[in-house]
Amino acid sequence: MSMRVFIACLGTETNTFSSLPTGEQTYRETALFDGDATRHAPTPFSKPLHIWRERAEQQGHEVVEGLCAFAQPAGRTIHRVYEDYRDRILAQAKAALPLDLVLVNMHGAMVAEGYDDCEGDLLARLRGVVGPETVLGGELDLHCHITPKMLEAATALITYKEYPHIDIDERAEDLFRLCHDAALGRTQPVMAAHDCRMISMWRTTSEQMQAFVSGMKAREGRDGILAVSFGHGFPWGDVAEVGAKTLVVADGDAERAAALAADLGASLWAMREETRPTAIGIDEALDRALAVDGGPAVLADVSDNAGGGAPSDSTFILERLIAREIDDAASGLYWDPVAVRFCMEAGEGARLNLRVGGKCGPDSGDPVDLAVTVERIVTDAAQTFGAARNRMGDAVWVRAAGGLDLVLNTVRTQVFHPDAFTAVGLDPATKKIVVVKSTQHFHAGFAPIAREILYVAAPGAIAPDFAAIPYTKLAKPYWPRVEDPWAE
């Protein structure tokens, strides 16, 4: 049976507390293709489209490709930008009718001006275009808000299982198989979600969460269960559906799906304290890093992660490195287009006084003035993220006194891999201390070279105090703000 398959992408992770607007320039810097993403090298956000096209064409199906737009996390997407991208996808799907299968890569925590649930809005409008019989599937980041509108409109939704997100490709494969089977009439997917009433971050590299992920996978393909997901939620989204939810797709059995979702939620609740993310203060982290010979000790600046909508230019840890005269340390990525320009003007080998960071507001700290040498300049630098490449823009390595090395760049992004440093000629494996602006995605690449990994609760835009996030739209109680949200 030959099918017509439509594929598209629209997403970002929105920190509604961030003052950084998300407009078209941010989408262009991250991933913006109008119907031709699969003709270009895959990015982390376009890779599912590559997989879906390849799998569909292997089955002899006709593929129609729509817009692919994804932005680095920041504040709300500008109203007109969201509506333009959404409406382009809708128009492309309408022009491609009739369609048997529609697959959309989204984030799940996208908020625009006037739209708290962009994914629900997009899926509902797509359903209105393609009709009730077309199979409509979506791939989501696990840091998503799973909403009733999304569940009502989609045939099936699947989230990543791993944090760091090392399984984007696998989940794209899973979604294609599930939705393709449904389009052939082999299965009848039904979904059920369970609200865990928890807001936190879950590192799937921990022993407990590794076991939980393995348990989710073991449930799939048995007893009518088609897919199992855990949507961790994105804590810094002030929307009504913020929070962790389990999601199960079953073959025609809504009660079975709901029962398993509730069972998984109960398991997560039971180990909430064991899996609670821990972070320590700046000086405690530096003391621990200095106490043991060898290196590197990798310190994660979790509060200034661009992947959570933070500026990626805070100087709180940098100031302590300088004040304590700590030698043999490296840190990055600092989003500082102004400093990068000055270094590029001066050229490699130049010595200059450079003002670094602290440019985006109080959460960025104060600018730091350093006498530096420009060691290396790389235009259009990139780093590894899974099987794809992530843009860094122009990047420079500068060295200050005492072997303090910094990597500055022009396209705001977190550190995913050691080649964020080696791209400019700096080998982090040779340093005693490496400070990365990232919450968890760095782990896959840095764990093999790290003597120790320390999560640091510095001040910043996304400080990990989940009980204190000033929500205005969340009506239900949640842990850890209250000890027992089910009792209220």
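For the structure given in this document, a descriptive report is provided here. It should be emphasised that the depicted structure is a prediction, and the values quoted were computed from it without experimental measurement. (Residues numbered from 1 in each chain as written. Predicted model: local features only at pLDDT ≥ 70, side-chain atom pairs only at ≥ 80, totals over all residues. Heavy atoms only, no water.)

1. Describing the environment of Cys-144
Point 1. Among the secondary structure elements, Cys-144 is positioned in the loop between β5 (135-140) and α5 (148-153).
Point 2. Sequence separation between Cys-144 and Arg-88 is 56 residues, and the spatial gap between their C-alpha atoms is 23 Å.
Point 3. Contact partners of Cys-144, with chain neighbours within four places excluded, come to His-107, Gly-108, Ala-109, Thr-159, Gly-231, Gly-233, Phe-234 and Gly-243. (Helix = DSSP H or I, 4+ residues; strand = E, 2+ residues; numbered from the N terminus. Contact = heavy atoms within 4.5 Å.)

2. Remarks on the packing of aromatic side chains
Here the distance between the centres and the angle between the planes together describe a pair of aromatic rings.
Point 1. With the rule as written, the count across this model stands at 13 aromatic pairs.
Point 2. Here the aromatic rings of Phe-17 and Tyr-471 are separated by 6.4 Å at their centres, their planes lie at 55°, and the arrangement is tilted. Highlighted residues: Phe-17 in the loop between β1 (4-14) and α1 (24-30) and Tyr-471 in the segment after β17 (452-456), separated in sequence by 454 residues.
Point 3. For Phe-17, a relative accessible area of 33% corresponds to the partly exposed category.
Point 4. Of the residues examined, Tyr-471 reaches a relative accessible area of 11% and is grouped as buried.
Point 5. On the numbers, 5.7 Å between centres and 65° between planes, the contact of Phe-234 with Trp-236 is edge-to-face.
Point 6. According to the relative accessible area criterion, Phe-234 is buried, its value standing at 2%.
Point 7. On the basis of relative accessibility, which here comes to 8%, the residue Trp-236 falls in the buried class.
Point 8. An aromatic cluster is built from Phe-421, Phe-442, Phe-446 and Tyr-455, whose rings are joined through pairwise contacts.
Point 9. Across the ring face of Tyr-455, the terminal group of Arg-203 is positioned such that the distance to the ring centre comes to 3.4 Å.
Point 10. It is Arg-412 that lies over the ring of Trp-335; its NZ or CZ is 5.7 Å from the centre. (Phe/Tyr/Trp six-rings, centres within 6.5 Å; stacked < 30°, edge-to-face > 60°. Buried < 20%, exposed > 50% of the residue type's maximum accessible area, 1.4 Å probe, protein only. Lys NZ or Arg CZ within 6 Å of the ring centre and 35° of its normal.)

3. Details of the packing of helix α2 (residues 47-58) against helix α6 (residues 168-183)
Point 1. At their nearest, the axes of α2 and α6 sit 9 Å apart, and the two run at 40° to each other. Here α2 lies oblique to α6, going by the angle between them. Taken as a pair, α2 and α6 cross one another with a handedness that is right-handed. Along its contact with α2, which presents Lys-47, Pro-48, Ile-51, Trp-52, Arg-55 and Ala-56, the element α6 presents Ile-168, Asp-169, Ala-172, Glu-173, Leu-175 and Phe-176.
Point 2. Of the residues assigned to the contact of α2 with α6, the class counts are 8 nonpolar, no polar and 4 charged. (Axes fitted to C-alpha atoms, helices over the stretch in contact; angles between N-to-C directions. Parallel < 35°, antiparallel > 145°, perpendicular 65-115°, else oblique. Left-handed = near helix turned anticlockwise from the far one by under 90°. Nonpolar A, V, L, I, M, F, W, Y, C, P; charged D, E, K, R; others polar.)

4. What to know about the sheet that holds β5
Point 1. Spatially, 6 strands are ordered β2-β3-β1-β4-β5-β6 in an open sheet, and the strand pairing comes out mixed. The open sheet is flanked by β2 (31-34) and β6 (156-159), the only strands paired with a single partner. Ignoring which end each strand starts from, the neighbouring axes of this sheet average 15° apart.
Point 2. Across the sheet, α2 lies against β1, β3 (62-74), β4 (101-105) and β5, angled at about 165° from β1, the strand it touches most.
Point 3. Sitting on the sheet, helix α3 (residues 79-96) is in contact with β1, β2 and β3, with an inclination near 170° to β1. (Pairing = 2+ DSSP bridges.)

5. Quick look at the environment of Glu-57
Point 1. Summarising the element assignment, Glu-57 is placed in helix α2.
Point 2. Sequence spacing of Glu-57 and Leu-99 is 42 residues, and the spatial spacing of their C-alpha atoms is 15 Å.

6. A short note on the pattern of salt bridges
Pairs may arise between side chains of opposite charge once their charged atoms sit close together.
Point 1. Taken as a whole, this structure holds 39 salt bridges when the rule is applied.
Point 2. A salt bridge links Lys-217 to Glu-162; the shortest N-O distance between them is 3.9 Å. Placement of the pair is Lys-217 in helix α7 (residues 207-219) and Glu-162 in the loop between β6 and α6, with a sequence separation of 55 residues.
Point 3. Judged by its relative accessible area of 35%, Lys-217 is partly exposed.
Point 4. You can call Glu-162 buried: its relative accessible area is 14%.
Point 5. Note that Lys-437 is salt-bridged to Asp-301, the shortest N-O span being 3.1 Å. Of this pair, Lys-437 sits in the loop between β16 (433-436) and α13 (443-446) while Asp-301 sits in strand β10 (residues 297-301), and the two are 136 residues apart along the sequence. The pair Lys-437 / Asp-301 is uniform in exposure class, with both members buried.
Point 6. When salt bridges that share partners are traced, they join Asp-167, Glu-170, Arg-171, Asp-174 and Arg-177 into one network. (Salt bridge = Lys/Arg side-chain N within 4 Å of Asp/Glu carboxyl O.)

7. Some remarks on empty space enclosed by the protein
Using a probe with the size of a water molecule, rolled over the atoms, empty space left in the structure can be pinpointed.
Point 1. Using the criterion set out here, one finds 2 cavities of 30 Å³ or more in the structure.
Point 2. Reported here for the largest cavity is a volume of approximately 320 Å³.
Point 3. What lines the largest cavity is a set of 28 residues, and nearest its centre among them are Glu-13, Asp-141, Gly-307, Gln-414 and His-441.
Point 4. In terms of residue count, the dominant contributor to the lining of the largest cavity is β3 (4 residues).
Point 5. Split by residue class, the lining of the largest cavity holds 14 nonpolar, 12 polar and 2 charged. (1 Å grid on protein atoms, 1.4 Å probe; cavity = no way out; pocket = protein on both sides within 12 Å on 5 of 7 lines; lining within 4 Å. Points joined across faces, edges and corners; volume = space filled by probe spheres on them.)

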